[in-house]
Amino acid sequence: MTALRALGAAPCVVWRWTSCTPDAPAQARAALRCALDQLGFDGEAISDAVLAVSEFVTNATKHAVGPYEMRLRRTAAEVICEVEDHDPRIPKIPAFPAATPYAPAEDKRGGGLEALCALLSEGGRGLFIVHELTKGAWGFRSRKGTKTAWFVLPGVVGTADRLVPSGD
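Presented here is an overview of the structure given in this document. Here the residue numbering is sequential within each chain, running from 1 through the sequence in written order. Only residues with pLDDT of 70 or above have their local features reported here, since the model is predicted, and side-chain atom pairs are shown and tallied only from 80 upward, although totals for entire chains, interfaces and linings are computed over all residues. The basis for every side-chain value is the complete set of non-hydrogen atoms in the structure, without hydrogens or water.

Another aspect to go through is the overall build of the protein chain. Regarding its fold elements, the protein chain presents four helices and five strands. Secondary structure elements of the protein chain, listed N to C terminal, follow the sequence β-α-α-β-β-α-α-β-β. When accessible area is computed with a 1.4 Å probe and restricted to protein chains, residues below 20% of their type maximum are described as buried, those above 50% as exposed, and intermediate ones as partly exposed. Buried residues in the protein chain amount to 38% of all 168 residues. Considering only contacts within the protein chain whose residues lie at least 6 apart along the sequence, 70% involve residues at least 24 apart. Computed with a 1.4 Å probe, the accessible areas rest on the Shrake-Rupley method; for each residue, only the protein chains presented here act as cover. About 9700 Å² of surface is accessible on the protein chain, with carbon and sulfur atoms providing 57% of the total. We count a stretch as a helix when DSSP gives it H or I for four or more residues in a row; a strand needs E for two or more, and each element gets its number in order from the N terminus. Residue contacts are defined here by distance: any two heavy atoms, one from each residue, within 4.5 Å place the two residues in contact.

Quick look at the structure:
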């Protein structure tokens with residue numbers, strides 16, 4: 001069976017992994033990049049989707065139990081990327097400010113290596129990045145002991161109806 005075939009309401013599994021999988025975010029990025037390239041997405045849309053899925057895969061692997069699954073699903077109007085884990089709890093979603101929250105503050109410049117390391121070690125920016133990349137078209141859903149993080153893929157796709165359903 002070829003990798004390009006009609007996708008109806010059933011999702012197409014792009015990649016599965018466990019907590020023991022080495023460098024899961026990098027493998028997820030590679031799998032999604034390949035699938036989206038085959039579907040005819042362009043460079044910027046692929047780059048945005050790969051960065052967003054990397055955040056979801058990192059969060060799933062770090063905060064939830066596996067096994068995990070990354071899927072693509074087509075609706076009547078769009079293609080959706082999903083990352084599922086086996087922790088049904090929806091994370092607290094921060095309020096996103098209207099202005100960019102992580103712009104450099106002039107009064108904090110010149111702090112040297114210690115200040116830079118402290119800034120880079122801070123977490124909590126991932127969902128904001130996903131929010132910006134997807135223009136707010138993302139979220140979570142929980143059912144039957146699992147949680148799914150999802151986002152709508154950017155751009156218009158003329159060939160996205162060519163995916164193989166996962167059979168789920």
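So, next bit.
Only one rule defines a salt bridge in this text: a Lys or Arg side-chain nitrogen within 4 Å of an Asp or Glu carboxyl oxygen. A full pass over the atoms with the stated rule returns eight salt bridges. The salt bridge partner of Glu84 is Arg71, with a shortest N-O separation of 3.5 Å. Here Arg71 lies in strand β2 (residues 68-74) and Glu84 lies in strand β3 (residues 79-85), a separation of 13 residues in the sequence. Each of the two residues, Glu84 as well as Arg71, counts as buried.

Inspection of the secondary structure assignment puts Ser19 in the loop between β1 (12-17) and α1 (24-38). Given a relative accessible area of 52%, Ser19 falls into the exposed group.

The span you would expect from a helix comes to 1.5 Å times its residue count less one. Given a rise of 1.5 Å per residue, 21 residues ought to cover 30 Å, and the 30 Å separating the end C-alpha atoms of helix α2 (residues 43-63) matches this to within 8%. The complete set of buried residues in α2 reads Ala45, Ile46, Asp48, Ala49, Val50, Ala52, Val53, Ser54, Glu55, Phe56, Val57 and Ala60.

Of the voids in this model, the largest pocket is the one considered here, and its volume is about 490 Å³. Each cavity reported here is a set of points on a 1 Å grid over the protein atoms alone in which a 1.4 Å probe fits but cannot get out, each pocket an open set with protein on both sides within 12 Å along at least five of seven lines, and each lining residue one with an atom within 4 Å of a point. Taken together, 24 residues make up the lining of the largest pocket; nearest its centre are Glu55, Asn59, His63, Pro91 and Leu127. Secondary-structure elements contributing two or more residues to the lining of the largest pocket are α2, β3, α4 (126-133) and β5 (146-152). Of the residues contributing to the lining of the largest pocket, the split by class is ten nonpolar, six polar and eight charged. Grid points are joined across faces, edges and corners, and a volume is the space filled by probe spheres set on the points. All residues other than Ala, Val, Leu, Ile, Met, Phe, Trp, Tyr, Cys, Pro, Asp, Glu, Lys and Arg, Gly among them, are scored as polar; the first ten of these are nonpolar and the last four charged.

What follows deals with the packing of α2 against α4. Relative orientation of the contacting elements α2 and α4 amounts to 150°, with a least axis distance of 9 Å. As far as their axial angle goes, α4 and α2 are roughly antiparallel. Between α2 and α4 lies a crossing whose hand is left-handed. Facing Asp48, Leu51, Ala52, Glu55, Phe56 and Asn59 of α2, the residues of α4 in contact are Gly126, Leu127, Ile129, Val130 and Leu133. To define axes, lines are fitted to C-alpha atoms, for helices over the stretch in contact only, and angles between the resulting N-to-C directions are given on a 0 to 180 degree scale. For this classification, under 35 degrees means roughly parallel, over 145 means roughly antiparallel, 65 to 115 means roughly perpendicular, and everything else is oblique. Crossing handedness is read from the near helix: turned anticlockwise from the far helix by less than a right angle, it gives a left-handed crossing, and turned clockwise, a right-handed one.

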